[in-house]
Amino acid sequence: MSVMVARKKVVRKWEKLPGRNTFCCDGRIMMARQKGIFYLTLFLILGTCALFFAFECRYLAVQLSPAIPVFAAVLFLFAMATLLRTSFSDPGVIPRALPDEAAFIEMEIEATNGTVPQGQRPPPRIKNFQINNQIVKLKYCYTCKIFRPPRASHCSICDNCVERFDHHCPWVGNCVGKRNYRYFYLFILSLSLLTIYIFTFNIVYVALKEEKLGWCAWGSDTAGLGLFPGCSQSLTLLTVLEVLICFFTLWSVVGLTGFHTFLVALNQTTNEDIKGSWTGKNRVQNPYSHGNIVKNCCEVLCGPLPPSVLDRRGILQQEESTTQEESCPRGTSAQEPTVAQGPVTAVFSLQVPVPSLSNAEMPEEKQLTSGELPVPSQDAGQAEH
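Residues numbered from 1 in each chain as written. Predicted model: local features only at pLDDT ≥ 70, side-chain atom pairs only at ≥ 80, totals over all residues. Heavy atoms only, no water.

- The protein is annotated in an unreviewed UniProt entry as Palmitoyltransferase from Phaetusa simplex.
- Per UniProt, the comment on the protein under Sequence similarities (unreviewed entry) is "Belongs to the DHHC palmitoyltransferase family. ERF2/ZDHHC9 subfamily."
- Under the Catalytic activity (unreviewed entry) heading, UniProt states for the protein: "L-cysteinyl-[protein] + hexadecanoyl-CoA = S-hexadecanoyl-L-cysteinyl-[protein] + CoA". (UniProt positions renumbered as here; feature names shortened; annotations may be inferred.)

Have a look at this one:
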C-alpha cells in the first residue's frame, strides 16, 4: 500500500526577512551581522568592572564606606541592561513592500510623472508632506520599494529602512532608531557615570595607599587586607591599567553623552544633524521640536514606545509531501488502512488486488480435476484434419 503523507513545516517570518540582520532565540533577538566591536564593548566593560570589584572595592569598602561597591553594582547592572536592550531589539525596521504593493506604487508614480522620453532622466521620486506648517519630503527607497516615512532612512550596513533613523552604532552591534534610541541614550549616560565613578575611586584608592604606606612600601601590603601575599605588584599594575582605560574612555563616552543630550533637547537625530536638515542654507525650522527642552526630552525619552511592525515570530506554513510504502499486516483488510499517528494529513492511494478465478468458479466445460489431462474437443480435432 502506498501512503502519501503531507507534513506541515512551521517556518517563522524572521527566517524569510530580507536585509543583513542576524536572529537568535527563535527571532526574539535581532542584531546586525557585524558584531565584533560589540563583543569588544562587552569585554571592556566586564573586564574593567571585574578588576574594580575584585581589588579596589574591597579596600574602599573597609576604609571608607560599604556603600561604594553597592552603588557601583547598581550602575554596572543598569548599564549592562540598557546595552543588551539596545543591541537585541528591533530599532524600528520598516517592512519592504510586497510585490503587489510595489507594482501599485510603480503604477502610481508613472501616472503622476507621465511617460519620460527616452534618453531623459526621470524626475526624482519624492512626495511632499506637511508637518506643523513645514513641507517635509518623503523619499522613495529603491531597495525597499516604499516611500519612507518622515525621519526614516535606509541603513547601508543592515540593508533596511529604519524609522526615525539616528545612526548605526557598531559598539552596540545594531542600528539606533525609534524603538531603541532611549535605551541607547540611557546606556551611554549610565556608562559615563560608571566610568567617572570607577576612575574617581581608583584615584582615591591610589591616594589612600600612598598616604598610608608611601610609594615605596606598596610591595609589603596586598590591597590592605593581606589576602593575596606576593601579588601587590600585579595589583598595582592592574590599578594603573584600570585608570588608563577609564581615562581614555572618559573623553569619548562623556563627549558622546553630551552630544546626544544636545540632540534630545532639540528633538533632533544624528542623521539630521550631519545632513544639516534644519540648519542649512534655507534655515528651515525643525517641525518636530516643541520649542521647549522639557517637552522634547519627555517625547524622546518618555513617550510611548511603538510596537514592532516586523512580526518576526509570525508563522509561515509550508507543506512538504513525502511518500511512504507500507505493507498491510495479516488480518487487516486492504480497505482498512492504518492511519499514521501525529499531526499529519494522510492521503491514501489504495491498490486493490484483482481476485483470480479458482477452479470451482470456472465454467463447467472448463473444470478440471486434479490429475486429469485436458482432452481436446472434437471441433479441435476436425480442425486439425
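1. Structural notes on the overall build of the protein
Part 1: A count of helical and extended segments in the protein gives eight helices and 13 strands.
Part 2: Within the protein, buried positions represent 34% of all 385 residues.
Part 3: For the protein, long-range pairs separated by at least 24 residues make up 65% of all intrachain contacts whose partners lie at least 6 apart in sequence.
Part 4: For the protein, the exposed surface amounts to about 24100 Å²; the carbon and sulfur share of it is 60%. (Helix = DSSP H or I, 4+ residues; strand = E, 2+ residues; numbered from the N terminus. Buried < 20%, exposed > 50% of the residue type's maximum accessible area, 1.4 Å probe, protein only. Contact = heavy atoms within 4.5 Å. Areas by Shrake-Rupley, 256 points an atom, 1.4 Å probe, with all protein chains shown as cover.)

2. Focus on the UniProt feature "transmembrane region" (unreviewed entry) in the protein
Part 1: The sites that carry the UniProt feature "transmembrane region" (unreviewed entry) are, in the present numbering, residues 37–55, 67–84, 183–208 and 237–266.
Part 2: Measuring from the first to the last C-alpha atom of residues 67–84 gives 26 Å, for a span that is 100% helix and 0% strand.
Part 3: Between the end C-alpha atoms of residues 237–266 there is a gap of 44 Å, over a span that is 100% helix and 0% strand.

3. Remarks on the pairing of strand E2 (residues 21–24)
Part 1: Only one face of E2 is covered, namely the one carrying Asn-21 and Phe-23; the face carrying Thr-22 and Cys-24 has none of its residues buried.
Part 2: Across four bridges, the pairing between E2 and strand E3 (residues 29–32) is antiparallel. Note on E3: the bridge partner recorded for Cys-24 is Ile-29.
Part 3: Hairpin connection from E2 to E3: four residues lie between these consecutive antiparallel strands, with Cys-25 at a positive phi of about 55°. (Pairing = 2+ DSSP bridges.)

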